[in-house]
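# Descriptive structure summary
The residues making up each chain are set out below.
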Amino acid sequence: MEFNDVINNRKSIRSFDPHKTVSDELIKKIITSAQRTPSWTNSQPWRVYVATGGTLASIKADHLERTQNKVKGNSDLAVIHRVDWGQAMAENSRVWNAEISDYLGEEGLAAFSDLQMHLFNAPAVIYLTVERKVSPWMIYDMGAFSQSILLAANEQVDTIPAYETAKYPDAIRKIVGTPDNEVIIGGIAMGYRSEGKINQFHAKRSPLDHFLTIKH
């Protein structure tokens with residue numbers, strides 16, 4: 001498969017089959033491949049924690065309770081309201097929200113909200129952390145490492161990187177055991193897609209001339 005095909009064929013899955021587990025062996029193979037990600041002076045700043053089984057069930061239960069009680073998210077990476085985003089980013093987000101709302105309808109959106117509250121029914125979540133003594137350039141490296149995981153997984157298993165997975169970092173630290181001196185960058189939900197309608201949705205991308213500049 002050509003490299004561009006790998007990228008174009010990958011999509012974020014928002015509804016997983018909770019009865020299909022992901023083997024430890026497959027997870028290890030994916031992370032081993034992702035280790036080839038380049039990093040500044042080969043610093044390899046990433047730390048990886050994978051929650052499955054009872055550990056993930058505890059995280060999901062905590063997440064569901066807090067979300068139902070409207071507890072505000074407090075992710076380690078700062079979040080700013082969309083009204084404060086740059087114009088282009090805010091517009092892309094607005095279009096995505098309008099498109100997925102039209103596609104799902106009121107009933108589908110309610111089901112989507114329920115999936116988020118249950119962390120997409122994923123049988124595994126990969127948490128990525130980095131030590132707090134970190135250069136912003138290492139956050140850049142972490143983004144590359146995350147993308148490597150998504151691409152390495154693509155032909156074997158489905159994924160979605162999502163804020164929802166890292167919304168309550170204190171629970172993750174308590175249940176998974178990530179140390180206080182590590183920042184939880186984010187989480188990648190992993191599993192095998194269900195037949196849900198939400199998985200047929202394809203988000204559009206901006207035209208190239210909206211963001212690409214080439215000067216000779």
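Everything that follows concerns the structure shown earlier in this document.
Here the residue index of a chain counts from 1 through its sequence in written order. The predicted nature of this model means local features are confined to residues of pLDDT at least 70 and side-chain atom pairs, given and counted, to a pLDDT of 80 or more, with totals for whole chains, interfaces and linings taken over all residues. Hydrogen atoms and water are omitted, and side-chain values are computed over all heavy atoms in the structure.

## A word on the packing of helix 2 (residues 24–34) against helix 5 (residues 136–153)
Convention followed: Every axis corresponds to a line fitted to the C-alpha atoms, with the helix fit spanning only the stretch in contact, and the corresponding angles, defined between N-to-C directions, vary from 0 to 180 degrees. Numbering of helices and strands runs from the N terminus; a helix is a DSSP stretch of H or I covering at least four residues, while a strand is a stretch of E covering at least two. Angle categories: roughly parallel below 35 degrees, roughly antiparallel above 145, roughly perpendicular from 65 to 115, and oblique for all the rest. Crossing handedness: left-handed means the near helix sits turned counterclockwise from the far one by under a right angle, and right-handed means the same turn made clockwise. Residue contacts are counted whenever heavy atoms from the two residues lie within 4.5 Å of one another. As a working rule, the residues Ala, Val, Leu, Ile, Met, Phe, Trp, Tyr, Cys and Pro are called nonpolar, Asp, Glu, Lys and Arg charged, and the rest polar, with Gly in that last group.
Helix 5 packs onto helix 2 with a crossing angle of 130 degrees between their chain directions and a minimal axis gap of 8 Å. On the basis of the axis angle, helix 2 is oblique to helix 5. At the point where helix 2 passes helix 5, the crossing takes the right-handed sense. Seen from helix 2, the contacting residues are Ile 30, Ile 31, Ser 33 and Ala 34; seen from helix 5, they are Phe 145, Ser 148, Ile 149, Ala 152 and Ala 153. Its residues placed into classes, the contact of helix 2 with helix 5 shows 7 nonpolar, 2 polar and no charged.

## Considerations on the pattern of salt bridges
Rule in force here: We define a salt bridge as a contact between a side-chain nitrogen of Lys or Arg and a carboxyl oxygen of Asp or Glu at a distance within 4 Å. Summary of the burial criterion: residues with accessible area below 20% of their type's maximum are buried, those above 50% are exposed, and those between are partly exposed, where the area comes from a 1.4 Å probe applied to protein chains only.
As enumerated under the stated definition, the model contains 9 salt bridges in all. Put simply, Asp 62 and Arg 66 hold a salt bridge, and the shortest N to O gap is 2.9 Å. With Asp 62 and Arg 66 both in helix 3 (residues 53–68), this residue pair falls 4 residues apart, about one helical turn. Exposure remark for Arg 66: the relative accessible area of 18% places this residue in the buried category. The salt bridge partner of Glu 164 is Lys 167, with a shortest N-O separation of 3.5 Å. Overall, the relative accessible area of 10% leaves Glu 164 in the buried class. Ionic contacts of the salt-bridge type, sharing partners, join the residues Asp 62, Arg 66 and Asp 170 into one network.

## A few points about a nonpolar patch on the surface
Rule in force here: Distance thresholds for patches are 9 Å for like charges and 5 Å for nonpolar side chains (Val, Leu, Ile, Met, Phe, Trp, Tyr), applied to residues having over 30% relative accessible area and no salt bridge. Per-residue accessibility takes into account occlusion by the displayed protein chains alone, with areas from the Shrake-Rupley method and a 1.4 Å probe.
Side chains of Leu 208, Phe 211, Leu 212 and Ile 214 sit close together on the surface and give an oily, nonpolar patch of about 440 Å² of accessible area. The residue Leu 212 is located in the segment after strand 4 (182–191) in this model.

## As for the side chain of His 63
Looking at the element boundaries, His 63 is found in helix 3. Since its relative accessible area comes to 4%, His 63 is described here as buried. The contact partners of His 63, leaving out residues within four places of it in the chain, are Gln 116, Met 117, Leu 119, Glu 164, Lys 167 and Tyr 168.

## Considering the packing of helix 3 against helix 6 (residues 169–176)
The contact between helix 3 and helix 6 brings their axes to 10 Å, and the two run at 155 degrees. Relative to helix 6, helix 3 is oriented roughly antiparallel. The chirality of how helix 3 crosses helix 6 is right-handed. On the side of helix 3, the interface is formed by Thr 55, Ser 58, Ile 59, Asp 62 and Arg 66, while helix 6 contributes Asp 170, Ala 171, Ile 175 and Val 176. Looking at the contact of helix 3 with helix 6, its residues break down into 4 nonpolar, 2 polar and 3 charged.

## Things to note about helix 6
Turning to helix 6, its buried residues are Pro 169, Ala 171, Ile 172 and Arg 173. Within two residues after helix 6, Gly 177 carries a phi angle of roughly 95 degrees, on the positive side.

The values reported here are purely geometric and, on their own, carry no functional implication.
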